[in-house]
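Examination of the molecular architecture
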Amino acid sequence: MNDFVTSIPAQAAARCIIETARSLELLDRPIAVSNELADAEKILIVKMFKKMDEHIKSHGEQLPADEISSLFTFVFAKAAEAVTNMFNHKEQSFDLTGMFDGRIPLYADDAITAEFKNSQFPFLCAQNYLDFTEKEADALAGCDPLLLLFEALKWCFRLSCHLAITVIENHHAIS
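Residues numbered from 1 in each chain as written. Predicted model: local features only at pLDDT ≥ 70, side-chain atom pairs only at ≥ 80, totals over all residues. Heavy atoms only, no water.

1. A word on the overall build of the protein
When helices and strands are counted, the protein shows 7 helices and 0 strands. Reading the helices (α) and strands (β) of the protein from amino to carboxyl end gives α-α-α-α-α-α-α. Seen through its principal axes, the protein has C-alpha atoms that stretch 50 × 35 × 30 Å. For the protein, with 175 residues in total, the buried portion stands at 45%. Residue pairs in contact within the protein that sit at least 24 positions apart in sequence constitute 85% of those at least 6 positions apart. When the accessible surface of the protein is totalled, it reaches about 10000 Å², and 53% of it is carbon and sulfur. (Helix = DSSP H or I, 4+ residues; strand = E, 2+ residues; numbered from the N terminus. Buried < 20%, exposed > 50% of the residue type's maximum accessible area, 1.4 Å probe, protein only. Contact = heavy atoms within 4.5 Å. Areas by Shrake-Rupley, 256 points an atom, 1.4 Å probe, with all protein chains shown as cover.)

2. So, the packing of aromatic side chains
Going through the model one piece at a time under the given rule, you end up with 5 aromatic pairs. Ring plane angle 45 degrees and centroid distance 5.7 Å describe the contact between F72 and Y129, whose orientation is recorded as tilted. Here Y129 lies in helix α5 (residues 121-135) and F72 lies in helix α3 (residues 65-87), a separation of 57 residues in the sequence. With a centroid separation of 4.0 Å and an interplanar angle of 20 degrees, the aromatic rings of F76 and F116 are classed as stacked. (Phe/Tyr/Trp six-rings, centres within 6.5 Å; stacked < 30°, edge-to-face > 60°.)

3. Structural notes on the environment of I45
By the element assignment, I45 lies in helix α2 (residues 35-59). Relative accessible area serves as the criterion here: at 8%, I45 is assigned to the buried category. The spatial distance from the C-alpha of I45 to the C-alpha of F157 is 9.6 Å, given a sequence separation of 112 residues. Setting aside residues no more than four positions away along its own chain, I45 makes contact with F150 and K154.

4. Things to note about α5
An ideal rise of 1.5 Å per residue puts 21 Å on 15 residues; α5 measures up with 20 Å between its terminal C-alpha atoms. Along α5, the residues classified as buried are F121, P122, C125, A126, Y129 and F132. Axial view of α5: buried residues confined to an arc of 135 degrees, hence all on one face. Set apart from the buried face of α5 by more than 90 degrees, the exposed residues are E134 and K135. (Expected span 1.5 Å × (residues − 1). Arc of directions from axis to C-beta.)

5. A few points about helix α1 (residues 8-23)
Counted at 1.5 Å a residue, the expected span for α1 with its 16 residues is 22 Å, and the 22 Å between its end C-alpha atoms agrees. Along α1, the residues classified as buried are P9, A10, A12, A13, A14, C16, I17, T20 and A21. The positive-phi residue at the C-terminal boundary of α1 is E25, with phi of around 60 degrees.

6. Remarks on the environment of R15
Position of R15 among the secondary structure elements: in helix α1. Separated by 140 residues in sequence, R15 and W155 place their C-alpha atoms 8.6 Å apart.

7. A word on the nonpolar core
In terms of nonpolar packing, the biggest core is built from 57 residues, with M48 and F72 touching the most fellow members. Counting only elements with at least two residues in this core, the list comes to α1, α2, α3, α4 (110-117), α5 and α7 (145-174). Among the elements that make up this core, the one with the highest residue count is α7 (14 residues). When sequence neighbours within four positions are dropped, the list of residues in contact with F72 reads I17, P122, C125, A126, Y129, L149, A152, L153 and C156. (Core = buried A, V, L, I, M, F, W, Y, C linked by side-chain atoms within 4.5 Å.)

8. What about the side chain of T20?
Of note, T20 is situated in helix α1. Within the local environment of T20, its side chain forms a polar contact with the backbone oxygen of C16, the two atoms lying 2.8 Å apart. There is a polar contact of 2.8 Å between the side chain of T20 and the side chain of N128. Apart from the residues lying within four places of it in its own chain, the contact partners of T20 are F121, L124, C125 and N128. (Polar contact = N/O pair within 3.5 Å; in protein donor to acceptor, adjacent residues only side chain to side chain.)

Pasting the structure below:
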C-alpha cells in the first residue's frame, strides 16, 4: 500500500503561489519547462527536506515567519542558479547555505541576477503563503504543514525558473 493522498490544501498552497505570479504578470506567456529543470527541482527539494529534518530536530517544528520567508528567497535564488547551470551545461548541485537565515549566495547569469535582485516575487510568495496559512488555519488543521510549505516552495521554484528563462531569452533578444 502506498501513502499517496489527494490534498486539496496542498493544491490551494500551490494556487497561492501561482496567483502571486499572476498578480506580478509573470504568467503572460506559457510557463517555460524542461526535463533538466524538473530533475534539478527534485534534487533541490530532496536536499531541502533532509536539511529541514535536521533543522526541525535542533530547532523544533514551528518555523518562524522569517525562516519561511528565507525559504522562498532561497528557492528563488536556486532557480536562478539552476537555469544558469542549464544554459551553461553545468551539473545541478545546490549549496544549502542561507536556507533559513536569508544570507543566500547567488551564483547566476548577470542578467538573471540583476532582474532577480529587483524582484518582489519571493517576498510576495512568502507573504501570501503566510497569509493563506493564517486565514485558512481551521481548514488546514490536521494537514502536514511541511507538505503545504514544500508544495508552495516547489511552485515558487518552477515559476522562478520560468522567470529566469524569460530573462535569458529577453536578454539574448536585445543583445
